[in-house]
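If you want the building blocks of each chain, they are given just below.
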Amino acid sequence: MNQPSTSETIHDLIGVGFGPSNLALAIALEELAQTNGHALDALFIDKQSDYRWHGNTLATQSELQISFLKDLVSLRNPTSPYSFVNYLHQKKRLADFINLGTFYPCRLEYNDYLRWAAEHFATQAVYGEEILRVEPELLDGRIDHLRVISRSAQGHERLRRARSVVVGSGGTPKIPPVFAPFKDDPRVFHHSQYLNSLEQLPCTQGKPMRIAIIGSGQSAAEALIDLNDSYPSVKADMILRGSALKPADDSPFVNEVFTPDYTDLVFNQPQAERAKLISEYHNTNYSVVDIDLIERIYGMLYRQKVAHQYRHAVLCRRNIEAAVSTDKGIELTLRDLATGIQQTHVYDAVILATGYERRSHRELLAPLQQHLKDFEVDRDYRVLASPELNAAVYLQGFCEASHGLSDTLLSVLPVRAAEIGQSLYQSLGQRASNARASATLASA
Ligand SMILES: Cc1cc2nc3c(=O)[nH]c(=O)nc-3n(C[C@H](O)[C@H](O)[C@H](O)COP(=O)(O)OP(=O)(O)OC[C@H]3O[C@@H](n4cnc5c(N)ncnc54)[C@H](O)[C@@H]3O)c2cc1C
Ligand SMILES: NC(=O)c1ccc[n+]([C@@H]2O[C@H](COP(=O)([O-])OP(=O)(O)OC[C@H]3O[C@@H](n4cnc5c(N)ncnc54)[C@H](OP(=O)(O)O)[C@@H]3O)[C@@H](O)[C@H]2O)c1
């Protein structure tokens, strides 16, 4: 096996992924460099070839599900040059945006905002390299540095070293086991690949297709609307286990669960109480749809009834018992959860809008596992570790169980980034003064 190419530099920090979480951190570190009088040597590595925010899901009708005021910076520093308002100003669209009268820009525009912010950090970002693993570098029983191994699109491996690592690698598409045999079948794909995968299907040339969409969350609803609007030759069924499409609760009192103060409230509870709080507000985020989309879908189905032309259907209370490929297409066996009756439906393609798992940190950090306390974190998102692990490891987006529902979202990015940034300065500063003290002792 070829040895990975190695650099002698030891970075203060390597960020795994350069999504909104680590981008917010890059900005916070720039501010902290001014207050601390020196900058950290931070490098952010992303596997995508350029900056994209859930790029394959950016259908034209998709809107941000959070106020633009919860951008990368404003909650912490409304005067930051990296605000969404300044982006609009720079792009000469501020007055026009105000005329829209909305807090919810389309996601295509928000993607452009994030790209614009990321461009300011081009010298600290590496694109097109996937981090494979983070390993300990054990020296005299201590781990002062971590070895970060990446692979480029061309298959070339590279080893870098860092005094700390922040994992912000986002969610992993959840594939129900019944669809596992279709792993390499281009007719069955997760919603995270929506635009690319759809592009390969005959409906883009106007050919008739029957498509199943599995799930009842925002992704599933957006797919149904997009297939209806953009692909007139498609007949789609949305298949869900629940008894109805349910709205996301974004009413103002409930929305307080997404404020930075709420993070403290959740974190300070015992484990069982944290879990209760998260489950109580599950319907703010998971398996729910924005009410305006629900109303659009209902209106669409009602017009079909008026016209007696049935193109799409929402099939509630259906469990998928089996999925097999036949000469007619992909045959799904659906069991009605109320009556127990089973029916088969045949489709030309299946979109799995089945959500995301948060486990990539466990895979990336597996070589460190024996030094970590089961990936539990402290209030500053630093993974709890045994004393020999001197290098700090932080998690962004993997702490919902300890820090609450905002953890996987954009809600508290600016505040979380500053908390991690301050903790980084503190831990690296502490290490530097310990090293100076040891050097003085050694020379005395
Ligand atoms: C379609 C969709 C829409 C959403 N809309 C909203 C919304 O409107 N409001 C909201 O609050 N939340 C929304 N979310 C939730 C979403 O998690 C956050 O918006 C946000 O993307 C979280 O940022 P992140 O940086 O933690 O993760 P991500 O945005 O997922 O970024 C992770 C980055 O890490 C990179 N990466 C992953 N693994 C590796 C690796 N091994 N090596 C190198 N790079 C790697 C990826 O390429 C990616 O760029 C949405 C989620 C989805 C799926
Ligand atoms: N415009 C936007 O801003 C936008 C767009 C898309 C997504 N998002 C965000 O992205 C996040 C994820 O949303 P999402 O819609 O992708 O996922 P989600 O809300 O987690 O919903 C996943 C759906 O898949 C279903 N499912 C999971 N496993 C299944 C199985 N084995 N069989 C059948 N059904 C199964 C779930 O059903 P059950 O309910 O029965 O478990 C649920 O309906 C949310 O934060 C959401 O707000 C935002």
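Residues numbered from 1 in each chain as written. Chains lettered and ligands numbered in written order. Predicted model: local features only at pLDDT ≥ 70, side-chain atom pairs only at ≥ 80, totals over all residues. Heavy atoms only, no water.

Regarding its fold elements, the chain presents 12 helices and 21 strands. In terms of C-alpha radius of gyration, the chain reaches 24 Å, essentially the compact-globule figure of 22 Å for 444 residues. In the chain, which comprises 444 residues, the proportion classed as buried is 50%. Across the chain, the fraction of contacts at a sequence separation of at least 24, relative to all contacts at a separation of at least 6, is 71%. Of the roughly 21,800 Å² that the chain leaves accessible, carbon and sulfur atoms contribute 51%. Both charge centroids of the chain, one from 44 positive and one from 52 negative side chains, sit 4 Å from each other. (Helix = DSSP H or I, 4+ residues; strand = E, 2+ residues; numbered from the N terminus. Rg over C-alpha atoms; globule rule 2.2 N^0.38 Å. Buried < 20%, exposed > 50% of the residue type's maximum accessible area, 1.4 Å probe, protein only. Contact = heavy atoms within 4.5 Å. Areas by Shrake-Rupley, 256 points an atom, 1.4 Å probe, with all protein chains shown as cover. Lys, Arg positive; Asp, Glu negative; His and termini not counted. Charge placed at Lys NZ, Arg CZ, Asp CG, Glu CD.)

The 5 strands lie next to each other as β4-β3-β2-β8-β21, forming an open sheet whose pairing is parallel. Single-partner strands in this sheet number two, and they are β4 (125-127) and β21 (392-395). Here the strands of the sheet are splayed against their neighbours by 15° on average, with no regard to which way each runs. Where strand β8 (residues 164-167) lies against β21, 4 bridges are found, and the strand directions are parallel. (Pairing = 2+ DSSP bridges. Axes fitted to C-alpha atoms, helices over the stretch in contact; angles between N-to-C directions.)

Look at helix α1 (residues 20-36): 24 Å from first C-alpha to last across 17 residues, which is about the 24 Å you get at 1.5 Å a residue. Across the 17 residues that make up α1, a large majority, 12, are buried. (Expected span 1.5 Å × (residues − 1).)

Turning our attention to the packing of helix α6 (residues 218-230) against helix α9 (residues 291-307). For any two helices packed against each other, the geometry comes down to the angle between their axes and how far apart the axes lie. Packing of α6 against α9 leaves a shortest axis separation of 10 Å and a crossing angle of 45°. In terms of their interaxial angle, α6 and α9 are classed as oblique. Considering the relative orientation of α6 and α9, their crossing is left-handed. Contacts between α6 and α9 involve Q218, A221, E222, L224, I225, N228 and D229 from the first element and L293, R296, I297 and M300 from the second. (Parallel < 35°, antiparallel > 145°, perpendicular 65-115°, else oblique. Left-handed = near helix turned anticlockwise from the far one by under 90°.)

By nearness alone, 27 residues border ligand 1, and S21, D46, Q65, T408 and L410 come closest of all. In the model, an oxygen atom of ligand 1 is placed 3.2 Å from a nitrogen or oxygen of the P20 main chain. W53 is positioned such that a nitrogen or oxygen atom in its side chain is 2.9 Å from an oxygen atom of ligand 1. Across the complex, the protein chains shield 89% of the 980 Å² of accessible surface that ligand 1 would expose by itself. Those elements that place two or more of their residues in the shell around ligand 1 are α1, β3 (42-46) and β5 (129-139). Looking at which element gives the most residues to the shell around ligand 1, the answer is β5, with 3 residues. (Near = heavy atom within 4 Å. Polar contact = N/O pair within 3.5 Å; in protein donor to acceptor, adjacent residues only side chain to side chain.)

Taken together, the side chains of L69, F103 and Y104 define a hydrophobic patch exposed on the protein surface, amounting to about 290 Å² of accessible area. When you line up the elements, L69 lands in the loop between β3 and α2 (84-90). (Patch = residues over 30% accessible without salt bridge, like charges linked within 9 Å, V, L, I, M, F, W, Y side chains within 5 Å. Salt bridge = Lys/Arg side-chain N within 4 Å of Asp/Glu carboxyl O.)

A common way to state how big an interface is: give the accessible area lost once the parts meet. The domain boundaries assigned to the chain delineate domain 1 (5-171 + 358-443) and domain 2 (175-248 + 285-352). Each of domain 1 and domain 2 has a C-alpha centre, and the two are 35 Å apart. In this assembly, 15 residues from domain 1 lie in contact with 16 residues from domain 2. On inspection of domain 1 and its partner domain 2, the count reaches 8 residue pairs in polar contact (both at pLDDT 80 or more). Split into classes, the residues belonging to the side of domain 1 that touches domain 2 amount to 4 nonpolar, 8 polar and 3 charged. (Domains from an automatic or database assignment. Nonpolar A, V, L, I, M, F, W, Y, C, P; charged D, E, K, R; others polar.)

So, about the sheet that holds β5. If you trace the 4 strands from one edge of the open sheet to the other, you get β1-β7-β6-β5, paired in mixed fashion. The sheet is open, and its two edges are formed by β1 (5-11) and β5, each paired on a single side. Adjacent strand axes in the sheet meet at a mean angle of 25° when their direction is disregarded. One ladder, built from 4 bridges, connects β1 with strand β7 (residues 157-162); its direction is parallel.

Taken together, 22 residues lie around ligand 2, and Q65, S219, E222, N285 and S287 are the ones closest in. Interatomic distance of 2.8 Å between a backbone N/O atom of S216 and an oxygen atom of ligand 2. Taking S219, its side chain carries an N or O atom lying 2.6 Å from an oxygen atom of ligand 2. Here ligand 2 has 920 Å² of accessible area as a free molecule, and 81% of this is covered by the chains. Among the elements that line the shell around ligand 2, the one with the most residues is α6, at 3 residues. The class makeup of the residues in the shell around ligand 2 is 6 nonpolar, 11 polar and 5 charged. Counting residues domain by domain, the shell around ligand 2 receives three or more from each of domain 1 (5-171 + 358-443) and domain 2 (175-248 + 285-352).

Here the structure, examined in full by the defined rule, presents 24 salt bridges. The partner of D348 in a salt bridge is R210, and the shortest N-O contact between them spans 2.7 Å. Highlighted residues: D348 in the loop between β16 (342-347) and β17 (349-352) and R210 in strand β11 (residues 209-214), separated in sequence by 138 residues. Where K276 meets E273, a salt bridge forms, and the shortest distance between an N and an O atom there is 3.4 Å. Of this pair, K276 and E273 both sit in helix α8 (residues 271-280), separated by 3 residues, roughly a single helical turn.

Mapped onto the fold, A442 is located in helix α12 (residues 413-443). The exposure class of A442 is exposed, given its relative accessible area of 67%. For the pair A442 and S150, spaced 292 residues apart in the sequence, the C-alpha separation amounts to 37 Å.

A few words now on the environment of S150. Mapping S150 onto the fold places it in strand β6 (residues 142-152). For S150, a relative accessible area of 0% corresponds to the buried category. Look past the residues within four positions of S150 in its chain and what remains in contact with it is E129, E130, I131, L132, H156, E157, R158 and R160. Here R160 takes part through its side chain, which lies 3.5 Å from a polar atom of the side chain of S150.

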